[in-house]
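Coordinates in review
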Amino acid sequence: MPGLEDSLRRPVRGMRDLTPEYYYALRRVEEVLSRLAESFGYRRIETPAVEHFEVLAKKAGRDIVNEIYYFRDKAGRELGLRFDMTVPVARMLSYRLDEPKPVRWFYFTKVWRYDEPQHGRYREFYQFGVELVGSASPRADAEVLALMARAIEAVGVGDYVIRINDRRVADRMLLSLGIKPSEEIYRVLDKRGKVSEEELISMLMGLGIDREKASELLSLISAAVPYAEAPEVISKYDGELAERHSAVAKALEAFGVLDHMAWDPSIVRGLDYYTGIVFEAFAGRYKLAVGGGGRYDDLIELYSGIKTPALGFAIGVERLMEAAGIEKAENPLDYYIYPVSGEAYGVAVEVAEALRAKGASAVVDLGEWSLREALERAAKTGVRHFIIIGKKELEKGVVKIRDMAKREEVEVELSRIKAGL
Ligand code: AMP
């Protein structure tokens, strides 16, 4: 039988099969990041993968709407897969109005985007992120930024920078050039670094900005400085916003992460729902952003009708893992148990159960390999201990335990193992 044709053996375009080695590495990252978020007082949530299309489309922005996996169910409902977790959280809070504020929630889950697949860009990927809902304080901005910094550090990346801007400052900057701020302009500016400067200029010209203004704008947004100097830059546009960012910087200093923050006017973010501070995180030499976030003070109101300030971040887990050089985690089997004879099988199962009850992992051989084959396989697949139960051992009431790394064997009484070694 020829089996499936080649293209059908592979996952759907832009999606990936995760091997146990990769999945266990991902699980470890999940544990580390979850513990971190919990240590900051955030609690985990999950929402359905499937949302009402209308909810997703409401504040997605044109680019993202085109990236939504859209379908109708059998009853004709228009549905879509979530493209981030901020929108589902906003929806969830729109009917849980009495959730005590500020709400501190986090997630580690899959999202889907019909994006053009390439390195670091998938159609199904994991995001870890937090949402802090119900506070307008600059300290809230700093808490979320500091937590993002700690998350990057927690996976072992010390060399990272979080690039910060503010949509309101960006608006003032555009106005200072006589350009009316619009979502279209931000969407073009968000492409900076992804397309050439010439292409950017022609896209801006396509929005009715003349060439001279367009290049002036591009040079203005190219001037990044350490975040500690941001208030000085911002004060040219708006005194109140300069003061706000000065308060954020002060709080970040208290967290000890200020040196990892830069003020970068080119960061505008593609999503439409941002209203204040926006930021993206870069790790080491990894080119793509490993995370992004910002303040979205109008989004919750759009769903609940109640004005609620909020901000959050999302980290692309696969990207962060790649930047940290985390590709796989070994997860060796503790015990492989080989009953040499049929009558030893029952004893082998009992031994396995006793070991499992102690929290160890144990496999009982299925009786299709010789002892030598089983030993060879065990050496290859990473088994810690190989237990042999032969006729001799049965008579003596013992098992032989071979330490695969040290290549040493010891005899242990069966009764001791069954009692919990
Ligand atoms: P965004 O809010 O769109 O900036 O997404 C937050 C983070 O998710 C980004 O900084 C990336 O690390 C990650 N991300 C976004 N799109 C993709 C994708 N198509 N594949 C993998 N990771 C992605």
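Now for a quick tour of the structure. Quantities reported herein were computed from a predicted structural model and do not represent experimental measurements.

1. Re the sheet that holds strand β1 (residues 43–44)
Read from one edge to the other, the open sheet built from 9 strands follows the order β1-β5-β6-β12-β11-β10-β7-β9-β8, with strand pairing classed as mixed. Of all strands in the sheet, those bounded by a partner on one side alone are β1 and β8 (225–226). Pairing geometry for strand β11 (residues 291–295) and strand β12 (residues 310–316), over 5 bridges, is antiparallel. Of the residues in β12, the one forming a bridge with G292 is A314. Across the sheet, helix α5 (residues 86–95) is in contact with β5 (103–112) and β6 (124–133); its angle to β5 comes to roughly 130 degrees.

2. Some points on the environment of A310
Here A310 shows up in strand β12. Overall, the relative accessible area of 0% leaves A310 in the buried class. As a C-alpha pair, A310 and V233 span 77 residues in sequence and 25 Å in three-dimensional space.

3. What about the side chain of E280?
Relative to the helices and strands, E280 resides in strand β10 (residues 277–283). Engagement of the side chain of E280 in a polar contact is seen with the side chain of R269, the distance being 3.0 Å. Sequence-distant contacts of E280, defined by excluding residues within four places in its chain, comprise V161, I162, R163, D190, I267, R269, A289, G291 and G292.

4. A few points about the pairing of strand β16 (residues 398–403)
Pairing of strand β15 (residues 383–389) with β16, which is carried by 4 bridges, proceeds in the antiparallel orientation. Bridge pairing in β16 places I387 opposite I401. Direction of pairing for β16 relative to strand β17 (residues 408–413): antiparallel, over a ladder of 6 bridges. Along β17, the bridge assignment pairs K400 with E411.

5. Here's the deal with the packing of helix α9 (residues 197–206) against helix α10 (residues 211–221)
Helices that pack against each other are described as a pair by the angle of their axes relative to one another and the distance between those axes. At their nearest, the axes of α9 and α10 sit 9 Å apart, and the two run at 125 degrees to each other. Classified by the angle their axes make, α9 and α10 are oblique. The hand of the α9/α10 crossing is right-handed. In this structure, α9 uses E197, E198, L200, I201, L204 and M205 to contact α10, whose residues at the interface are R211, A214, S215, L217 and L218. Class assignment for the residues of the contact of α9 with α10 results in 7 nonpolar, 1 polar and 3 charged.

Rules of the game
Residues numbered from 1 in each chain as written. Predicted model: local features only at pLDDT ≥ 70, side-chain atom pairs only at ≥ 80, totals over all residues. Heavy atoms only, no water. Pairing = 2+ DSSP bridges. Helix = DSSP H or I, 4+ residues; strand = E, 2+ residues; numbered from the N terminus. Contact = heavy atoms within 4.5 Å. Axes fitted to C-alpha atoms, helices over the stretch in contact; angles between N-to-C directions. Buried < 20%, exposed > 50% of the residue type's maximum accessible area, 1.4 Å probe, protein only. Polar contact = N/O pair within 3.5 Å; in protein donor to acceptor, adjacent residues only side chain to side chain. Parallel < 35°, antiparallel > 145°, perpendicular 65-115°, else oblique. Left-handed = near helix turned anticlockwise from the far one by under 90°. Nonpolar A, V, L, I, M, F, W, Y, C, P; charged D, E, K, R; others polar.

Read these as geometric descriptors, not functional statements.
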